[in-house]
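Chain by chain, the residues run as shown.
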Amino acid sequence: MTSPEAPHDTVLVLDFGAQYAQLIARRVRECHVYSEVVPYDVDPAEVRRRGAKALILSGGPGSVYERDAPALNAHLLRLGIPVLGLCYGQQAMAQALGGRVEPTGVREYGRTRLDASPAGSLLFRELPAEQVVWMSHGDTVSAAPPGARVTAWTEATPVAGFEDPARGMYGVQFHPEVAHTPRGLDLLKNFLYQGAGCRPNWTSISIIEEQEAAVRDQVGDAQVLCALSGGVDSSVAALLVHRAVGDRLTCVFVDTGLLRHGEAEQVEETFRRDFEINLVHVKAADRFLATIKSHHNVGGLPDDMDLELVEPLRLLFKDEVRRVGTELGLPEDVVQRQPFPGPGLAVRIIGEVTSERLATLRAADRIVIEEIRRAGLDRELWQYFAVLPAVRTVGVMGDGRTYAYPIVVRAVTSGDAMTADFARPPWEVLERIATRVVGEVPGVNRVAYDVTSKPPGTIEWE
């Protein structure tokens, strides 16, 4: 009797300390193959238990010759599954297989011209013989492992790519996972589909089906309580669980009084009216306003909680959560909602949080959001919002001086919030925002724009 086929194939990314390890897994998932990051010293038995279809060895900052450098467990190369080494991962693999790695004294950083031999190559199949790739290395594989064929090289790197299809061993010195390697995703697809035989079936529909089944198995006949904030993650999680258990789900939405304009009403409309989910709306603005200080008031689950945690989105990236939300029928303005800190607008008031300042900030923030969306810039930006420093600035309105709040507009571009660049919207958009804020929001007489990137600053002001 044969065991049932797993619903999706799994590719494990071994993290050798690379800043791009999560990005590698993300790119694999973009190829519709499930992927997770695991430590470089993962036990081979765990790899077998997980039923991994292939391994990808990430880059890393070290040298394979350093005493404390992360070492590749050679037993991982004998599991009979394909392995792709990237940058440091290629060097560690080459060394373990009998190749030669040397510090040649020539370092390659940034965009680099690569020559490849697509004929007979699996990785470079149907790719250009000349292409641009992203390099970041000092050591170099100077001799491929016995039995492997060199399939790519650069002026400074004699073995920028090697392949041993008989053993399923592949390596490249560059980073196919970054956008600066234009054909990198095609190379990954060649490895995943041709080299490892992975099925491209990790899709929004398959995620929903798998998680529904997992929730039913975990919950059984029990009741489920969902802490619903109205953000993307909790909204998608609520709909997923509701599909699995129906009316046994109760969502509790706590209105802290710190939300953006219209958000509490939207939660009511979306979940109670559109999806007919049991919703308890707790209006607790007075309680939160008396206790909130900053976004550093981070809570958490109590140690003695007599509940079992259900986390249907635990392994998903944000873009995957959004796609699942779209598939589940969530309104687009909920699915595309920008990240919002737990304590809400309180984070964006620099000083004491009062109901008056919240009202001022909420009104200004609504204008920022409206104008950014009107200009069609919302999909290009990671976050865009208003900040209220609790200081008074002098201004002139009519025939008299004013002493009122300034509003700072913050808009950034980012891929993962680890780093961010200040956005550069057209001056006309900023002008409309400033004119409307000063003209429509009482108590404001000045608008500034934050031109600080992260680092050195942070996205939020507190």
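**Q** Explanation requested: empty space enclosed by the protein in the structure shown.
**A** Gaps left between atoms are located by rolling a probe of water-molecule size over the structure's atoms. Taken as a whole and judged by the stated rule, the model has one cavity of 30 Å³ or more. Considered as a void within the structure, the largest cavity measures approximately 30 Å³ in volume. Around the largest cavity, the lining residues are Gly230, Ser235, Gln266, Val267, Thr270, Phe271, Val334 and Arg337. Here the lining of the largest cavity takes four residues from helix 7 (residues 263-274), the largest share from any one element.

**Q** I would appreciate a short explanation of the packing of helix 6 (residues 232-245) against helix 9 (residues 318-328) in the present structure.
**A** Any two packed helices are characterised by how steeply their axes cross, that is the angle between the axes, and by the distance between the axes. Where helix 6 meets helix 9, the axes come as close as 10 Å, and the angle between the chain directions of the two elements is 50 degrees. Between helix 6 and helix 9, the angle is such that the two are oblique. Relative to helix 9, the crossing made by helix 6 is left-handed. Across from Val232, Asp233, Val236, Leu239, Leu240 and Arg243 in helix 6, the residues of helix 9 making contact are Lys318, Val321, Arg322, Val324, Gly325 and Leu328. Here the residues of the contact of helix 6 with helix 9 sort into seven nonpolar, one polar and four charged.

**Q** Can you help me understand the packing of aromatic side chains in this one?
**A** The geometry of an aromatic ring pair comes down to the distance between the two centres and the angle between the two planes. Going through the model one piece at a time under the given rule, you end up with six aromatic pairs. Aromatic pair Tyr34 and Trp202: ring centres 4.6 Å apart, planes at 55 degrees, arrangement tilted. Placement of the pair is Tyr34 in strand 2 (residues 34-39) and Trp202 in the loop between helix 4 (184-195) and helix 5 (204-219), with a sequence separation of 168 residues. Judged by its relative accessible area of 4%, Tyr34 is buried. Overall, Trp202 belongs to the buried group, its relative accessible area being 6%. Counting every residue linked through ring pairs, the aromatic cluster contains Phe16, Tyr40 and Tyr88. Taking NZ or CZ as reference, Arg260 lies 3.9 Å from the ring centre of Phe340, over its face.

Cut-offs used in this document
Residues numbered from 1 in each chain as written. Predicted model: local features only at pLDDT ≥ 70, side-chain atom pairs only at ≥ 80, totals over all residues. Heavy atoms only, no water. 1 Å grid on protein atoms, 1.4 Å probe; cavity = no way out; pocket = protein on both sides within 12 Å on 5 of 7 lines; lining within 4 Å. Points joined across faces, edges and corners; volume = space filled by probe spheres on them. Helix = DSSP H or I, 4+ residues; strand = E, 2+ residues; numbered from the N terminus. Axes fitted to C-alpha atoms, helices over the stretch in contact; angles between N-to-C directions. Parallel < 35°, antiparallel > 145°, perpendicular 65-115°, else oblique. Left-handed = near helix turned anticlockwise from the far one by under 90°. Contact = heavy atoms within 4.5 Å. Nonpolar A, V, L, I, M, F, W, Y, C, P; charged D, E, K, R; others polar. Phe/Tyr/Trp six-rings, centres within 6.5 Å; stacked < 30°, edge-to-face > 60°. Buried < 20%, exposed > 50% of the residue type's maximum accessible area, 1.4 Å probe, protein only. Lys NZ or Arg CZ within 6 Å of the ring centre and 35° of its normal.

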